[in-house]
Amino acid sequence: MNAYRFFSRDFAQRADAVFLEDGTTRYTYADLERETARYANFYASLDLPPGERVAGQIEKSPQALFMYLGALRAGLAYLPLNTAYRQGELAYFLGDAEPRVVVCDPASEEAFRQLTTGMKGVQLFTLDENGRGTLHDRVHAMADAAPGGNATFATVARATDDLAVILYTSGTTGRSKGAMVTHGNLTSNAATLVEHWRITDRDVLIHALPMFHIHGLFVAIHTILLAGAKILLHKKLYPKALITDLPRATLLMGVPTFYVRLLGETGFTKDVCRNMRLFISGSAPLLLETFTAFQERTGHTILERYGMSESGMITSNPYEGERRGGTVGMPLPGVELRVAGPNLKPMPFDMPGDIQIRGPNVFKGYWRMPEKTKEEFTEDGWFRTGDIGTWTYGGWISIVGRAKDLIISGGYNVYPKEIELLIDDLPGVVESAVIGVPHTDFGEAVVAVIVPEKGTLLKEAEVIGYVKSQLANYKVPKRVHFVDDLPRNTMGKVQKNVLREQYKS
Ligand code: AMP
């Protein structure tokens, strides 16, 4: 079933209910149905076969959401791109995914024109942070000329296993991988979460997450659509604006940084949370210290959950029952999870092992990488998440590390390899190691440790400036240390744990 059809099954009954508030502008469920129909009609006019890609590097707006949902309705696959990606990164994603429709901010239109020149059959459009641009103009010009204003669209039938979205999860070595997320993945995970977190049409969610990632695009949107709830749209996390809206909200989904920032505001009190029902955290580890401070300040216990692009949500602390800080809860209904040791043997309680999963939420593979896909699944069909975890007696799971040294800064994944390769290219650099160290605001901060050639005078600012010119800001090291040698184990591998310990403060 097309995921949009599944999410919209009750839209007709709640046509006049408000779906989303963006400042003073309100959109009802009827508006949502009509606007997504207009986008879908426009895509249909381009005559693209089902499964062709629509890529967007755009700011958050209601129209960005209509554009995404319209693509689902038209049977096309959406490719959301982080707004921080720079030219080199974009060239790879566009080259690999080969979208037929590319939508960018008007400010980067020229750059995108260069990027897409020579790509076969690509059409380029713009959409700005207010939802205006050539895409909006074309969609609405077409609607104005159509009998009935293009307000309806027969959502294209799709099978559970058909591609709905491609999410790029930068690879630890070599190329980034596009996780192929299906319609069935989206619907099964949304239905499970609505039930597990008791989301209903009385809920009001503050949406301050980006819309190019599973957290903001899938978890925070699909659950609301399915439950018929309401969204208060915030462009970004502005703690003061969030606090102003809190008294009329019941639900917040955030990365740990949200909660650290809120606790830093004196205006964040128990009273402003008086109508709140649930605070959810995920995408990166929530420090126990934040969990406890939050409880003390508000009387609310943050519900931490765990998931990833390849699988949507995997575990969650319970809605009723103990939400245990420092853990990510239990496997969600329908999701099978095992903590495996060598030879895929289950590990005993409290012993770390590879977290492996199975279920209708697990993606169907990496885009055009059958070999890589095969490697990431065990022989008996379980997906290797790459996370290291433990079962606690009683059923809670704790994430204790990441097999691949992934850094999560402010909720964004940073793969050290990508930065190391760039730094190693600088003249005067022998080698480098990039690590994550604890940071109160971002969870982890990116730090580079560099071995310079003897006699070269490389400066911290030069390295930072160079990385900044090449990569998204969140990947730029906050500090650079220079050393004579990197610590290595007997197998010659750099001991990043030693570096993390050494530079943690
Ligand atoms: P992404 O695909 O960008 O959502 O990143 C997924 C990765 O984020 C997972 O494989 C975990 O390493 C990490 N992650 C997500 N949620 C949590 C959490 N609650 N605690 C610790 N790590 C998390």
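Worth saying up front: this structure is predicted, and the values here are computed from it rather than measured.

Colleague: So what's going on with the overall build of the protein? Which residues, and what values?
Modeller: Per the secondary structure count, the protein includes 15 helices and 24 strands. Relative to a compact globule of 505 residues, whose C-alpha radius of gyration would be 23 Å, the protein shows 23 Å and is just as compact. If one aligns the C-alpha atoms of the protein with their principal axes, the spans along those axes are about 75 × 55 × 50 Å. Counting the 505 residues in the protein, one finds 58% classified as buried. In the protein, of all internal contacts separated by at least 6 residues, the share reaching a separation of at least 24 is 65%. A total of about 21000 Å² of accessible surface is found on the protein, and carbon and sulfur atoms cover 52% of it. In the protein, the 55 positive side-chain charges and the 57 negative ones have mean positions that sit 2 Å from each other.

Colleague: Describe the packing of aromatic side chains, with residues and values.
Modeller: Counted according to the given criterion, the structure contains 23 aromatic pairs. Their ring planes at 80 degrees and their centres at 6.2 Å tell us that Y259 and F279 sit as a pair that is edge-to-face. A residue pair is termed long-range when its members are at least 10 positions apart, and Y259 in helix α10 (residues 256-263) and F279 in strand β12 (residues 278-281) qualify at 20 residues. You can call Y259 buried: its relative accessible area is 0%. For F279, a relative accessible area of 1% corresponds to the buried category. A centroid spacing of 5.2 Å and a plane angle of 80 degrees characterise the contact between F349 and Y393, whose relative ring orientation is edge-to-face. Residue F349 is found in the loop between β16 (336-340) and β17 (353-358), and its partner Y393 is found in the loop between β18 (383-391) and β19 (397-402); the two are separated by 44 residues along the sequence. By relative accessible area, which is 44% here, F349 ends up partly exposed. By relative accessible area, Y393 is classed as exposed at 64%. Cluster of aromatic residues (ring-pair linked, three or more members): Y4, F11, F19 and Y29.

Colleague: Describe the nonpolar core, with residues and values.
Modeller: Grouped together as the largest cluster of nonpolar side chains are 111 residues, with contacts concentrated most on Y43, M67, Y68 and M253. With 10 residues, helix α8 (residues 214-227) is the single largest residue contributor to this core. Counting contributing residues per domain, this core is built from domain 1 (3-10 + 30-158) and domain 2 (193-401), each supplying no fewer than three. Each residue touching Y43, except ones within four places of it in the same chain, is listed here: V54, M67, G70, A71, A74, L76 and V101. One finds A97, F112, L163 and V480 within the second-largest nonpolar core, a separate group that totals 39 residues.

Colleague: So what's going on with the site of the ligand? Which residues, and what values?
Modeller: The ligand sits among 17 residues. The nearest are H213, E304, R305, S309 and D387. In this structure, an oxygen atom belonging to the ligand sits 2.9 Å away from a side-chain N or O atom of H213. The separation between a nitrogen atom of the ligand and a polar side-chain atom of E304 is 2.9 Å. When the free accessible area of the ligand is taken as 500 Å², the share hidden by the protein chains comes to 95%. At the level of elements, β13 (303-308) and β19 are the ones that each hand at least two residues to the shell around the ligand. Looking at which element gives the most residues to the shell around the ligand, the answer is β13, with five residues. Of the residues in the shell around the ligand, the class split is eight nonpolar, five polar and four charged.

Colleague: Could you give me a rundown of the pattern of salt bridges, with the residues and numbers involved?
Modeller: For the coordinates displayed, the defined rule picks out 29 salt bridges. For E265, the salt bridge goes to K240, with nearest N and O atoms at 2.9 Å. Here E265 is found in the loop between α10 and β12, whereas its partner K240 is found in helix α9 (residues 239-245), with 25 residues between them in sequence. Taking the relative accessible area as the measure of exposure, E265 reaches 16% and is therefore buried.

Colleague: If you had to explain the environment of E35 to someone new, which residues and values would you point to?
Modeller: As for its placement among the helices and strands, E35 is situated in helix α2 (residues 29-45). Along the primary structure E35 and G70 are separated by 35 residues, whereas in three dimensions their C-alpha atoms are 8.0 Å apart. What E35 contacts, discounting residues up to four positions off in sequence, is F66 and H140. Within the structure, the side chain of E35 is placed 3.1 Å from the side chain of R38, a separation counted as a polar contact.

Colleague: Provide a residue-level description of the environment of K454, including the pertinent values.
Modeller: Residue position: K454 is located in the loop between β23 (443-452) and α14 (460-470). Expressed as a C-alpha distance, the spacing of K454 and D485, which sit 31 residues apart in the sequence, is 11 Å.

Colleague: Quick rundown of the sheet that holds strand β10 (residues 230-233)? Include the residues and the values.
Modeller: Strand order in the open sheet formed by nine strands is β2-β1-β10-β9-β11-β12-β13-β14-β15, and the pairing between neighbours is mixed. Among the strands making up the open sheet, the edge pair consists of β2 (25-28) and β15 (330-331). Two elements, β13 and strand β14 (residues 312-316), share four bridges in a ladder whose sense is antiparallel. By the bridge assignment, Y306 is partnered in β14 with T315. Sitting on the sheet, α2 is in contact with β1 (18-22) and β2, with an inclination near 80 degrees to β2. Sitting on the sheet, α8 is in contact with β1, β9 (204-207), β10, β11 (251-254), β13 and β14, with an inclination near 160 degrees to β11.

Colleague: So what's going on with the domain arrangement of the protein? Residues and values would help.
Modeller: Annotation of the protein at the domain level lists domain 1 (3-10 + 30-158), domain 2 (193-401) and domain 3 (406-502). Just the C-alpha atoms count here: the centres of domain 2 and domain 3 sit 28 Å apart. Counting residues at the interface gives eight residues for domain 2 and seven residues for domain 3. Around 720 Å² of area is buried between domain 2 and domain 3 when both sides are counted, 55% of it from carbon and sulfur atoms.

Thresholds applied
Residues numbered from 1 in each chain as written. Predicted model: local features only at pLDDT ≥ 70, side-chain atom pairs only at ≥ 80, totals over all residues. Heavy atoms only, no water. Helix = DSSP H or I, 4+ residues; strand = E, 2+ residues; numbered from the N terminus. Rg over C-alpha atoms; globule rule 2.2 N^0.38 Å. Buried < 20%, exposed > 50% of the residue type's maximum accessible area, 1.4 Å probe, protein only. Contact = heavy atoms within 4.5 Å. Areas by Shrake-Rupley, 256 points an atom, 1.4 Å probe, with all protein chains shown as cover. Lys, Arg positive; Asp, Glu negative; His and termini not counted. Charge placed at Lys NZ, Arg CZ, Asp CG, Glu CD. Phe/Tyr/Trp six-rings, centres within 6.5 Å; stacked < 30°, edge-to-face > 60°. Core = buried A, V, L, I, M, F, W, Y, C linked by side-chain atoms within 4.5 Å. Domains from an automatic or database assignment. Near = heavy atom within 4 Å. Polar contact = N/O pair within 3.5 Å; in protein donor to acceptor, adjacent residues only side chain to side chain. Nonpolar A, V, L, I, M, F, W, Y, C, P; charged D, E, K, R; others polar. Salt bridge = Lys/Arg side-chain N within 4 Å of Asp/Glu carboxyl O. Pairing = 2+ DSSP bridges. Axes fitted to C-alpha atoms, helices over the stretch in contact; angles between N-to-C directions. Buried area = accessible area lost by both parts, 1.4 Å probe.

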